[in-house]
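# Geometric and topological summary
Here is how the chains run, residue by residue.
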Amino acid sequence: MLNVTFHGVRGSTPCHCDETRHFGGNTSCVSLRADDEIPIIFDLGTGLRYFGKQVNGTPNFHAVCLLTHLHYDHTMGLPFFEPLLRGDTIFEIYAPKQPDGRSVKELFLEKIKPPMFPVPLEQFAARLVFHEVGDDDFTVGNMQVRSRYVPHVGPTLGFRVSHAGVAVTYLSDHQQPAGADFSLTDGARALCEDADLLIHDSQFTDAEFEAKSSWGHSTFAYARWVAETCRVKQLALFHHDPSRSDASLSSIAESVAAASSVDVFAAREGQTVDVVTCSA
Ligand SMILES: [Zn+2]
Ligand SMILES: [Zn+2]
């Protein structure tokens, strides 16, 4: 069994108001845990702060982040992750190789320092270890990880984590192809096929996508198509637009679920899902 908790489900920018309170306003961060395994964290959005509060104080804390890309909404939680203040913490970050040859570590060190942030990242007490990956397969403890480049804006990965016959796929930011015909890259297909849970970008409605078709994201309809085409068991609609109200999101998710052959829900901050395989 894999235990998945959503700490941040919003795309683009954090948001906070009465209209977004139910689904939550923190940006992308999802933790995945299996018994006796190192915790895996998908992305470092502002939701990371809340995961940090849950685990802060754990001696010799060791976790692994699978980072899809370097956009602010996926990285701005890092300097607020309280375990980084402890000298016995090890935090490993797997991130996409950059085409210009600059290392991911260098880019983080450039971003998290004065005058943009009061404390330079290298002064945090924890040991930070960066790994750069592309289309790769590797292991974290006894968990198998598959990383594949997916279409977005800039180098971006999707991930699939498998453990004890259960597979969870995380495709937070995914550019839907322009035009009426849906298709899927080989890399994205290799991540999604037969997954037990697919967490997928669903930022836009069809009407919104018409005006924002090159912004790097997907519609609810495309997320559903990917899930059905790849025969996933469960689809979590994710990376909600910051302007999407709870009422609107609930109603859209309900209609997607009613029309789909896959079990569908809109991811909500604080929600935990136990993922088991139907074929076990
Ligand atoms: Zn994003
Ligand atoms: Zn992005």
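These remarks concern the structure in this document. Throughout, residues of each chain are indexed from 1 in the direction in which the sequence is written. In the order they appear in the text, chains get letters beginning with A and ligands get numbers beginning with 1. Only residues with pLDDT of 70 or above have their local features reported here, since the model is predicted, and side-chain atom pairs are shown and tallied only from 80 upward, although totals for entire chains, interfaces and linings are computed over all residues. Note that the side-chain values use all heavy atoms of the structure and ignore hydrogens as well as water.

## Concerning the coordination of the zinc ion (ligand 1)
- Any nitrogen, oxygen or sulfur atom within 2.8 Å of a metal ion counts as a donor, with the limit raised to 3.2 Å for Na, K and Ca, and since water is left out, coordination shells can look unfinished. Coordination sphere of the zinc ion (ligand 1), protein contribution only: Asp-73 (OD), His-74 (NE2), Asp-173 (OD) and His-239 (NE2), at 2.1 to 2.3 Å.
- Between the four donor atoms coordinating the zinc ion (ligand 1), the angles at the centre fall across 94 to 166 degrees, so the site counts as irregular.
- Of note, the donors binding the zinc ion (ligand 1) are all from one chain and are spaced D-H-x98-D-x65-H.
- A distance of 3.5 Å spans the gap from the zinc ion (ligand 1) to the zinc ion (ligand 2), which Asp-173 bridges by coordinating each metal. Of this pair, His-74 sits in helix 2 (residues 72–75) while Asp-173 sits in the loop between strand 10 (166–171) and helix 4 (186–192), and the two are 99 residues apart along the sequence.
- Classification of His-74 as buried rests on a relative accessible area of 0%. Geometry is assigned from the angles between donors: four donors with all angles from 85 to 135 degrees make a tetrahedral site, four or six donors whose opposite pairs exceed 155 degrees while the rest stay between 65 and 115 make square planar or octahedral sites respectively, and everything else is labelled irregular. Secondary structure counts use DSSP, requiring at least four H or I residues in a row for a helix and at least two E residues in a row for a strand, with both numbered from the N terminus. We call a residue buried when its accessible area falls under 20% of the maximum for its residue type, exposed when it is over 50%, and partly exposed in between, using a 1.4 Å probe and counting protein chains only.

## Some remarks on the coordination of the zinc ion (ligand 2)
- Protein coordination of the zinc ion (ligand 2) is provided by His-69 (NE2), His-71 (ND1), His-152 (NE2) and Asp-173 (OD), with donor distances spanning 2.1 to 2.5 Å.
- We note that the donor set of the zinc ion (ligand 2) lies within a single chain, spaced as H-x1-H-x80-H-x20-D.
- Taking the relative accessible area as the measure of exposure, His-71 reaches 32% and is therefore partly exposed.

## Concerning the packing of helix 6 (residues 220–229) against helix 7 (residues 246–259)
- Fitted lines through C-alpha atoms serve as axes, helices being fitted only where they are in contact, and the angles separating the N-to-C directions of these axes extend from 0 to 180 degrees. At a minimum axis separation of 11 Å, helix 6 and helix 7 run at an interaxial angle of 35 degrees. Here the hand of the crossing between helix 6 and helix 7 comes out right-handed. Residues Phe-220, Arg-224 and Glu-228 of helix 6 pack against Leu-249, Ile-252, Val-256 and Ala-259 of helix 7.
- Residue classes follow a fixed rule: Ala, Val, Leu, Ile, Met, Phe, Trp, Tyr, Cys and Pro count as nonpolar, while Asp, Glu, Lys and Arg count as charged, and any other residue, Gly among them, counts as polar. Grouping the constituent residues of the contact of helix 6 with helix 7 by class yields five nonpolar, no polar and two charged. Helix crossings get a hand from a simple test, with the near helix turned counterclockwise from the far one by less than a right angle marking a left-handed crossing and a clockwise turn marking a right-handed one. Contacts are residue-level and defined by heavy atoms, with any inter-residue pair within 4.5 Å sufficient.

## What to know about the pairing of strand 10
- Counting buried residues in strand 10 gives six out of six residues, a clear majority hidden from the surface.
- At least two DSSP bridges between two strands are required for those strands to pair. Two strands pair when backbone bridges link them, and strand 9 (residues 157–163) and strand 10 are joined in this way by five bridges, in the antiparallel orientation. The residue bridging Val-161 from the neighbouring strand is Val-168, located in strand 10.
- The antiparallel hairpin formed by strand 9 and strand 10 contains two residues in its connecting segment, where Ala-164 sits at a positive phi of about 50 degrees.
- When strand 10 meets strand 11 (residues 197–201), the two strands line up parallel, connected through four bridges. When the bridges of strand 11 are listed, Leu-171 appears paired with His-200.

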